[in-house]
Amino acid sequence: MLTIGCHLSSSKGYEAMARAAASIDADTFQFFTRNPRGGKAKAIDPADVAAFERRAAEEGIDVILAHAPYTLNPAAADARVQDFARATFADDLARMEATPGQLYNFHPGSHVKQGADVGIAKIAAVLNEVLAPGQTTTVLLETMAGKGTEVGGRFEELAAIIGQVELDGQVGVCLDTCHVWDAGYDIAGDLDGVLEEFDRVIGLGRLRAVHLNDSLNPLGARKDRHAAIGEGHIGFEALSAVTRHEALRSLPFFLETPHDDISGYADEIARLRAAWE
Ligand code: FE
Ligand code: FE
Ligand code: ZN
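Residues numbered from 1 in each chain as written. Chains lettered and ligands numbered in written order. Predicted model: local features only at pLDDT ≥ 70, side-chain atom pairs only at ≥ 80, totals over all residues. Heavy atoms only, no water.

A. Region of interest: the layout of surface pockets. Here the largest pocket defines a volume of roughly 370 Å³. Together, 22 residues line the largest pocket, and Ser10, Gly13, Thr33, Lys42 and Arg95 are the ones closest to its centre. Broken down by secondary-structure element, the contributors of at least two residues to the lining of the largest pocket are helix H1 (14-23), strand S2 (28-32) and helix H3 (79-96). Here the lining of the largest pocket takes three residues from H3, the largest share from any one element. Taken together, the residues of the lining of the largest pocket break down into nine nonpolar, five polar and eight charged. Roughly 280 Å³ of volume is contained in the second largest pocket. Phe32, Tyr70, His226, Glu256 and Thr257 are, among the 16 residues lining the second largest pocket, the residues nearest its centre. (1 Å grid on protein atoms, 1.4 Å probe; cavity = no way out; pocket = protein on both sides within 12 Å on 5 of 7 lines; lining within 4 Å. Points joined across faces, edges and corners; volume = space filled by probe spheres on them. Helix = DSSP H or I, 4+ residues; strand = E, 2+ residues; numbered from the N terminus. Nonpolar A, V, L, I, M, F, W, Y, C, P; charged D, E, K, R; others polar.)

What follows is the structure in structure tokens.
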């Protein structure tokens, strides 16, 4: 069975997200750990977590993906931005232990003219500070579009970060289809070739989740503007092929497509499930 869901608002808590997911035939979901622009996270309510665990079991929700705020930049030159990244990362990982064994995704960061190598070393240093033995969460580096000075637009950059992490068993990758397309990886014309390259550079064993998005821009545009599935340059057929690929089909897929309300996701999930069968 295809494991698929979408990004949901966490404002009403975990159980409400599981209910919303079930209402659109999703069996997973993604959520922000706090305001995506930063700020303090709401305290975790143990009663909500307990209700979530019961409902998730009922609805067949096994895996969920938390997304770090966009303002988290472990590669930053500014010491205060680095401090925020470290503190937020550590706080989020502590909170994730309320729902053990789940996934936490973050944007590796922007090196802002320090150079990719400096950015890579800083990102790895933050991971080495916040990862601790015994943590059950797998931390995922997201593949990026390579916009501006973003680190992670090349598979080599993600491999270099992982190569410098001590507890690398706790680290994986989340592949964003819009981002890799914008970075120049032709998943529409040569999905096999892109996955072979991923396997050679990073290792497919690291791949733990997929952000399934179409792109408003052509291959290699480095823009990072998501489109609804089938309404962008990648197209429905190619994105459906991503969900059906032998190397990917058992992974959880997360829609981060632009919709005014949840019915847009329900429709995408229904079409992708029908094509997957
Ligand atoms: Fe993201
Ligand atoms: Fe994404
Ligand atoms: Zn994006």
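B. Local environment of the coordination of the zinc ion (ligand 3). Taken together, the protein ligands of the zinc ion (ligand 3) are His179 (NE2), Asp224 (OD) and His226 (NE2), with distances of 2.0 to 2.3 Å. Judged by relative accessible area, which is 2%, His179 ranks as buried. (Donors = N, O, S within 2.8 Å, 3.2 Å for Na, K, Ca; no water. Buried < 20%, exposed > 50% of the residue type's maximum accessible area, 1.4 Å probe, protein only.)

C. Examining helix H9 (residues 263-276) more closely. Taking 1.5 Å per residue as the helical rise, H9 with its 14 residues ought to reach 20 Å, and the 20 Å between its terminal C-alpha atoms agrees with that figure. When H9 is considered as a whole, its buried residues turn out to be Gly264, Tyr265, Glu268, Ile269, Leu272, Arg273 and Trp276. All buried residues of H9 lie within an arc of 160° about the axis, which places them on one face of the element. Looking at the buried residues of H9, the elements they touch are strand S1 (3-7), strand S7 (207-212), helix H8 (236-244) and strand S10 (252-255). (Expected span 1.5 Å × (residues − 1). Arc of directions from axis to C-beta. Contact = heavy atoms within 4.5 Å.)

D. Seen up close, the coordination of the iron ion (ligand 2). Surrounding the iron ion (ligand 2) are the protein donor atoms Glu142 (OE), Asp176 (OD), His211 (ND1) and Glu256 (OE), at 2.0 to 2.3 Å. Every donor counted, the four donor atoms about the iron ion (ligand 2) form angles of 84 to 170° at the centre, which fits irregular coordination. In primary sequence terms, the donor set of the iron ion (ligand 2) follows E-x33-D-x34-H-x44-E. Between the iron ion (ligand 2) and the iron ion (ligand 1), a spacing of 3.3 Å is present, and a bridge between the two is formed by Glu142. A residue pair is termed long-range when its members are at least 10 positions apart, and Asp176 in strand S6 (residues 171-176) and His211 in strand S7 qualify at 35 residues. (Tetrahedral: all angles 85-135°; square planar, octahedral: opposite > 155°, others 65-115°.)

E. Quick look at the pairing of S7. Burial runs high along S7: five of the six residues are buried. In this structure, S6 lies alongside S7, joined through four bridges in parallel fashion. Within S7, the position partnered with Leu175 by the bridge is Val210. Strand direction decides the pairing type here: S7 and S10, joined by three bridges, are parallel. Of the residues in S10, the one forming a bridge with Val210 is Phe253. (Pairing = 2+ DSSP bridges.)

F. Summary view of unusual backbone geometry. With a phi close to 55°, Arg222 is a non-glycine residue in the positive phi region. Relative to the elements of secondary structure, Arg222 occurs in the loop between strand S8 (214-215) and strand S9 (226-227). The class for Arg222 is partly exposed, based on a relative accessible area of 44%.

G. Representation of the packing of H1 against helix H2 (residues 46-59). Packing of H1 against H2 leaves a shortest axis separation of 7 Å and a crossing angle of 20°. Judged by the inter-axis angle, H1 sits roughly parallel to H2. For the pair H1 and H2, contact is made by Tyr14, Glu15, Ala18, Arg19 and Ala22 and by Asp48, Val49, Ala51, Phe52, Arg55 and Glu59, respectively. Classifying every residue of the contact of H1 with H2 gives six nonpolar, no polar and five charged. (Axes fitted to C-alpha atoms, helices over the stretch in contact; angles between N-to-C directions. Parallel < 35°, antiparallel > 145°, perpendicular 65-115°, else oblique.)

H. Representation of the sheet that holds strand S4 (residues 103-106). Strand order in the closed barrel formed by eight strands is S1-S2-S3-S4-S5-S6-S7-S10, and the pairing between neighbours is parallel. Looking at each pair of strands side by side, their axes are set apart by 30° on average, direction ignored.

I. Local environment of the environment of His259. Tracing the sequence through the fold places His259 in the loop between S10 and H9. Every residue in contact with His259, bar those within four places of it in the chain, is listed here: Ala228, Gly264, Tyr265 and Glu268. Within the structure, the side chain of His259 is placed 3.0 Å from the side chain of Glu268, a separation counted as a polar contact. (Polar contact = N/O pair within 3.5 Å; in protein donor to acceptor, adjacent residues only side chain to side chain.)

Take it as geometry only, folks, not as evidence of what the structure does.
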